[in-house]
Amino acid sequence: MTFDQMREMFEVYTGTSDEVDSIQLALWFNEAQLDLAYDLGPIESQELLPDEEGCIRPGKDWLTLLGCDLPFRRLTDGRLQLEGEAKGKKLYFRRMPRLLTGTDGTEESELLPALHYLPALFAASRYWDMESEGDGEESTHASKWLSYYYQGKNLAKARLELARGPVDGWYVY
């Protein structure tokens, strides 16, 4: 789904039309993308190339470490101290998705297409929160849309885990 399509969905949810600046909308969409990516974002692997102390420093786009072909311990500075020979071994992590700029309506989220409707739900919640200015009815709208967002996220997460089971290790064939 493109940025413009997510915008259209947001406008249907909120009953608005061109009331929210594209940059603001991109910020809300990106906030949702980041939240979703911790549990459902792109998974990548990286060959283990330790420094001279046998450590790996997390990459700039790492969100969560999912696994490693070697035992390790996390140091106080965030590095991973590897135990064993790193040659030919990998680690697996969820990566931060590319952020939407709001300046190109054809941009697409890197999240799974089945998740693309969720940033629009999240943005609807942020919109009603911004509009409420203490008004109880609009605050209720904000809570309702945020609830829809988390219901969708939790359902997607549960279905992913049911289909594949929780990720508890990696196997190399």
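Computed from a prediction, not measured in an experiment: that's the story for all the values here. (Residues numbered from 1 in each chain as written. Predicted model: local features only at pLDDT ≥ 70, side-chain atom pairs only at ≥ 80, totals over all residues. Heavy atoms only, no water.)

Visitor: What exactly am I supposed to notice about the overall build of the chain here?
Guide: For the chain, the helix and strand inventory stands at four helices and six strands. Secondary structure elements of the chain occur, N-terminal to C-terminal, as α-α-β-β-β-β-β-β-α-α. Taking 2.2 N^0.38 as the reference for a compact globule, 173 residues should give roughly 16 Å; the C-alpha atoms of the chain span a radius of gyration of 20 Å, well beyond that estimate. With the C-alpha coordinates of the chain rotated into their principal frame, the extents come out at 60 × 35 × 30 Å. Long-range contacts, defined as pairs at least 24 residues apart, comprise 66% of the intrachain contacts of the chain with a sequence gap of at least 6. With 18 positive and 31 negative side-chain charges, the chain shows a spacing of 10 Å between the two charge centroids. (Helix = DSSP H or I, 4+ residues; strand = E, 2+ residues; numbered from the N terminus. Rg over C-alpha atoms; globule rule 2.2 N^0.38 Å. Contact = heavy atoms within 4.5 Å. Lys, Arg positive; Asp, Glu negative; His and termini not counted. Charge placed at Lys NZ, Arg CZ, Asp CG, Glu CD.)

Visitor: Can you walk me through the sheet that holds strand β5 (residues 80-82) in this structure?
Guide: By definition, the strands of a sheet pair up through backbone hydrogen bonds, in either a parallel or an antiparallel sense. Reading across from one edge, β2-β5-β4 is the order of the three strands in this open sheet, with antiparallel pairing throughout. With partners counted over all chains shown, the strands left at the sheet margins are β2 (55-56) and β4 (72-74), one partner each. (Pairing = 2+ DSSP bridges.)

Visitor: Explanation requested: the environment of Tyr-148 in the structure shown.
Guide: Within the secondary structure layout, Tyr-148 lies in helix α4 (residues 136-164). For the pair formed by Tyr-148 and Glu-110, sequence separation is 38 residues and the distance between their alpha carbons is 21 Å.

Visitor: Is there a simple way to explain the environment of Ser-147 in this structure?
Guide: Looking at where Ser-147 falls in the secondary structure, it is placed in helix α4. Remark: the alpha-carbon pair of Ser-147 and Ala-86, spanning 61 residues in sequence, is separated by 44 Å.

Visitor: Mind showing me how you'd approach helix α3 (residues 118-132) here?
Guide: Because an α-helix packs 3.6 residues into every turn, residues spaced three or four apart end up facing the same way. Here α3 spans 21 Å end to end across 15 residues, near enough to the 21 Å set by a 1.5 Å rise per residue. Summarising burial for α3: 11 of the 15 residues are buried, a large majority. Buried residues of α3: Leu-118, Pro-119, Ala-120, Leu-121, Phe-122, Ala-123, Ala-124, Ser-125, Tyr-127, Trp-128 and Ser-132, and no others. Residue Glu-133 follows α3 closely and has a positive phi angle near 40°. (Expected span 1.5 Å × (residues − 1). Buried < 20%, exposed > 50% of the residue type's maximum accessible area, 1.4 Å probe, protein only.)

Visitor: Would you mind going over a nonpolar patch on the surface with me for this structure?
Guide: A cluster of nonpolar side chains, contributed by Leu-34, Tyr-38, Met-96 and Leu-99, occupies part of the molecular surface with about 330 Å² of accessible area. On the basis of relative accessible area, Tyr-38 is assigned to the partly exposed category, the value being 38%. (Patch = residues over 30% accessible without salt bridge, like charges linked within 9 Å, V, L, I, M, F, W, Y side chains within 5 Å. Areas by Shrake-Rupley, 256 points an atom, 1.4 Å probe, with all protein chains shown as cover. Salt bridge = Lys/Arg side-chain N within 4 Å of Asp/Glu carboxyl O.)

Visitor: Is there a simple way to think about the packing of helix α1 (residues 3-14) against helix α2 (residues 22-40) in this case?
Guide: A packed helix pair is summarised by two numbers, namely the angle formed by the two axes and the spacing between the axes. Where α1 meets α2, the axes come as close as 11 Å, and the angle between the chain directions of the two elements is 90°. As far as their axial angle goes, α2 and α1 are roughly perpendicular. For the pair α1 and α2, contact is made by Phe-3, Met-6, Arg-7 and Phe-10 and by Ser-22, Leu-25, Ala-26, Trp-28 and Phe-29, respectively. Tallied by class, residues from the contact of α1 with α2 come to seven nonpolar, one polar and one charged. (Axes fitted to C-alpha atoms, helices over the stretch in contact; angles between N-to-C directions. Parallel < 35°, antiparallel > 145°, perpendicular 65-115°, else oblique. Nonpolar A, V, L, I, M, F, W, Y, C, P; charged D, E, K, R; others polar.)

Visitor: Is there a simple way to explain the nonpolar core in this structure?
Guide: Across soluble globular proteins, you tend to see nonpolar side chains buried next to one another. Phe-10, Leu-25, Trp-28, Phe-29 and Tyr-149 are the most contacted members of the largest nonpolar core, which totals 28 residues. If near-sequence neighbours (up to four positions away) are discounted, Phe-10 is found in contact with Thr-16, Val-20, Leu-25, Trp-28, Ala-120, Ala-123, Ala-124 and Tyr-127. (Core = buried A, V, L, I, M, F, W, Y, C linked by side-chain atoms within 4.5 Å.)

Visitor: What is the right way to read the sheet that holds strand β3 (residues 62-68) from this model?
Guide: Across the sheet, which stays open at both edges, the three strands sit in the order β1-β6-β3 with antiparallel pairing between neighbours. Edge positions in the open sheet fall to β1 (43-47) and β3, since each of these has one partner strand only. In this sheet, neighbouring strand axes are inclined to one another by 35° on average, regardless of whether the strands run parallel or antiparallel. Running over the sheet, α2 touches β3 and β6 (90-95) and is turned about 150° from β6.

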